[in-house]
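Breakdown of the fold
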Amino acid sequence: MRVTKKEKNGITIVSISGRLETGSAAFFTSEINRVIAEAQEIILDFEQLEYISSAGLQVLLLALQSCKVKNIKMRIINANEVVKEVFTSTGFNKLIEVK
């Protein structure tokens, strides 16, 4: 898994490539927590994300909770059909905007 970050117009864009699963969840948790500590708005770009497991969903749920406490908007863009299906089947798409 690879994570890159960039700022654009006050928005932090976090691009994730590879697989977000048990083996990469701790790494992503560390990365997203650093972003949340400084961001005002977060876009997660999933264009290169191949797969997300329940461990990945748990990381996202915890990140969403942290964002809510800090009044930070977080959304997902460029999710592929496999990732969108995981969000839809778990109801996660009702918790976060997914495009």
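As a starting point, this report considers the structure included with it. (Residues numbered from 1 in each chain as written. Predicted model: local features only at pLDDT ≥ 70, side-chain atom pairs only at ≥ 80, totals over all residues. Heavy atoms only, no water.)

Time to look at helix α3 (residues 81-90). Side chains that are three or four residues apart share a direction in an α-helix, a result of its 3.6 residues per turn. Those residues of α3 not exposed but buried are V83, V86 and F87. Across the axial projection of α3, the buried residues extend over an arc of 95°, all falling on one side. Facing away from the buried side of α3, by more than 90 degrees, are the exposed residues E81 and S89. Buried positions along α3 lie against β3 (41-52), α2 (54-69), β4 (73-77) and β5 (97-98). Capping of α3 at its N-terminal end is provided by N80; its side-chain oxygen lies 3.0 Å from the backbone amide nitrogen of V82. Just past α3, the residue G91 takes up positive phi, approximately 80°. (Buried < 20%, exposed > 50% of the residue type's maximum accessible area, 1.4 Å probe, protein only. Helix = DSSP H or I, 4+ residues; strand = E, 2+ residues; numbered from the N terminus. Arc of directions from axis to C-beta. Contact = heavy atoms within 4.5 Å. Polar contact = N/O pair within 3.5 Å; in protein donor to acceptor, adjacent residues only side chain to side chain.)

Turning next to unusual backbone geometry. Negative phi is the rule for most residues except glycine; trans is the rule for most peptide bonds. Positive phi, close to 60°, is recorded for N71, a residue that is not glycine. Under the relative-accessibility criterion, N71 is labelled exposed at 71%. Not every positive phi belongs to a glycine, and N78 is a case in point at roughly 60°. Mapping N78 onto the fold places it in the loop between β4 and α3.

On to the side chain of S24. Here S24 is to be found in helix α1 (residues 22-38). A distance of 2.8 Å separates a polar side-chain atom of S24 from the backbone oxygen of R19. Apart from the residues within four sequence positions on either side, S24 is in contact with M1 and R19.

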